[in-house]
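Overview (structure and organization)
What follows is each chain in one-letter form.
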2 protein chains.
Amino acid sequence: MARPQKYERDKVIGAAQTLFWEKGYQATSIIDLQSATALKPGSLYKAFGNKDGLLKAVLNNYTDTTLLYIDSLVEEQMSVKTLLEVFFKRQVDRACDKNTKGCLLVNSLLEFHGQHLHLETEVKKQLQRVQKRFETLVEQGVMSGEFDKEVDASEKATAIMTVVWGLGVMSRMNPEEAHLQAFCDTYLSSFSQ
Amino acid sequence: MARPQKYERDKVIGAAQTLFWEKGYQATSIIDLQSATALKPGSLYKAFGNKDGLLKAVLNNYTDTTLLYIDSLVEEQMSVKTLLEVFFKRQVDRACDKNTKGCLLVNSLLEFHGQHLHLETEVKKQLQRVQKRFETLVEQGVMSGEFDKEVDASEKATAIMTVVWGLGVMSRMNPEEAHLQAFCDTYLSSFSQ
DNA sequence: AAAGTTATTGAATGAACACTCAATAAAATA
DNA sequence: TATTTTATTGAGTGTTCATTCAATAACTTT
């Protein structure tokens, strides 16, 4: 009954994610997005409302990807502690990759500190989704007997996120892989006390 | 022989620091700076060259303050481990302060990721100054016998910065003070192995 | 093929921005 | 007091930006 959409929404979000991740939100102009997505401003605004709306779609997609990765580890039936080792290992690898762009959520959180309150709230929401996922994992570890009953899942989830975000910032500093790995090992070695 | 300067450079830098810290670099306009410093654009540009130059002066001043704080702890003749406990405690307090602005260096590092290469380099330089200071402290701890001879000062300095930056990001998430403190305690409890 | 509906286009808009510079003011020196 | 030197002023410049919208295109249904 009408003219059909020519673009695929997921591809547009993917292209925008690459740009926001590489350059940051403020430094990415609509013209940049227009080139990367092959959509004229009018179509972009029809699809996402405005630049903020596009970022929100990107942030949601980014978090989904992270959670899906964690789900894929859970499906391999490893212990929670092993899962954390694997997850940290990946963060270390990423942090030491010469072309790393860090974590999009952490980058965004700090870019919007103070200003852009609406976007800051959105980023926090996505970060909480990840933190909650870890909290659930630790709870399951306690229930299964892998961890002591005294282990506070909320506390541990906060600690895990602090480590991950520390790695996320460190990724911008050309760190030595062995140093970061040693740090993660040290932290995990005293995890369940 | 000429008209004297009316403003004090340090006060201008201090006012600019407050703004950059609260709003970030890109979201702070010259007009904002004009209001905060009571200097017209012409004077600002004569004094600092451009907006970048002003930020560099601010970053340098900020790092100086941090290093002076560490020096003040050193002068109290405490052990290196106690010094780290005190330093981490302050970071935790700051991270949980409702009005926290995080760490200006971390905020800036992530704001300039990818873009603004010249400024990113400048921020890294300042962060390295802090990291080097911790490396020296750990070296002294090894030499004085406080830590094992096998302790790698560079590795430990990287780890310390990762913790501090993790706290810096966490500060934007309204974290529970007890959780962050527990995290620091856990990390420090296994510091010298 | 005509009518109806929605998608795409891209030039235009107005606001905000970093930065400049000619004019002016305030001091020191002679 | 006249001259010299440097600081301050703030309107002006050219650019870039997010966003809009009237015109047009593409498809379905009748």
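Residues numbered from 1 in each chain as written. Chains lettered and ligands numbered in written order. Predicted model: local features only at pLDDT ≥ 70, side-chain atom pairs only at ≥ 80, totals over all residues. Heavy atoms only, no water.

With that settled, consider the packing of helix α4 (residues 51-75) of chain B against helix α6 (residues 104-111) of chain B. To describe two helices that pack against each other, one gives the angle between their axes and the distance between the axes. Residues and elements named next belong to chain B. Between α4 and α6, the shortest axis-to-axis distance is 10 Å and the interhelical angle comes to 145°. Only L104, L105 and S108 of α6 make contact with α4, whose side of the interface consists of V58, L59, Y62 and T63. For the contact of α4 with α6, the class distribution of residues is 5 nonpolar, 2 polar and no charged. (Axes fitted to C-alpha atoms, helices over the stretch in contact; angles between N-to-C directions. Helix = DSSP H or I, 4+ residues; strand = E, 2+ residues; numbered from the N terminus. Contact = heavy atoms within 4.5 Å. Nonpolar A, V, L, I, M, F, W, Y, C, P; charged D, E, K, R; others polar.)

Residue and element names in this part refer to chain B. Overall, the coordinates contain 16 salt bridges over all chains when judged by the stated rule. In this structure, K89 and D93 form a salt bridge, with 3.1 Å as the shortest nitrogen-oxygen distance. Within this pair, K89 and its partner D93 are both found in helix α5 (residues 80-96), separated by 4 residues, close to a single helical turn. Here K89 falls in the partly exposed class, since its relative accessible area comes to 36%. Note that K125 is salt-bridged to E122, the shortest N-O span being 3.5 Å. A residue pair is termed a helical-turn pair when its members lie 3 or 4 positions apart in one helix, as K125 and E122 do in helix α7 (residues 117-143) at 3 residues. (Salt bridge = Lys/Arg side-chain N within 4 Å of Asp/Glu carboxyl O. Buried < 20%, exposed > 50% of the residue type's maximum accessible area, 1.4 Å probe, protein only.)

A separate point is the interface of chain B and chain A. At the junction of the two partners, chain B supplies 44 residues and chain A supplies 44 residues. Counting the surface lost from both chain B and chain A, the interface buries some 4,000 Å², and carbon and sulfur atoms represent 68% of this. Three residues stand out in chain B for area buried against chain A, namely H113, R172 and M173 of chain B, and they jointly supply 17% of the buried area on that side. Joining chain B to chain A, the criterion identifies 2 salt bridges. Between R172 of chain B and E120 of chain A there is a salt bridge, with the nearest N and O atoms lying 3.1 Å from each other. When residues of the side of chain B that touches chain A are traced back to their parent elements, those giving at least two are α1 (9-23), α6, α7, α8 (153-170) and α9 (177-189) of chain B. Here the side of chain B that touches chain A takes 12 residues from α8 of chain B, the largest share from any one element. Grouping the constituent residues of the side of chain B that touches chain A by class yields 19 nonpolar, 16 polar and 9 charged. (Buried area = accessible area lost by both parts, 1.4 Å probe.)

Turning next to the relation of the copies chain B and chain A. The operation relating chain B to chain A is a screw motion whose rotation component is 180°, with 0.0 Å of axial translation and a residual RMSD of 0.0 Å. Overall, the copies show the geometry of a two-fold rotation axis. Scanning chain B for the C-alpha nearest the rotation axis identifies G166 of chain B, at a separation of 1.8 Å. (Least-squares fit on C-alpha atoms with pLDDT ≥ 70 in both.)

By themselves these figures say nothing about function.
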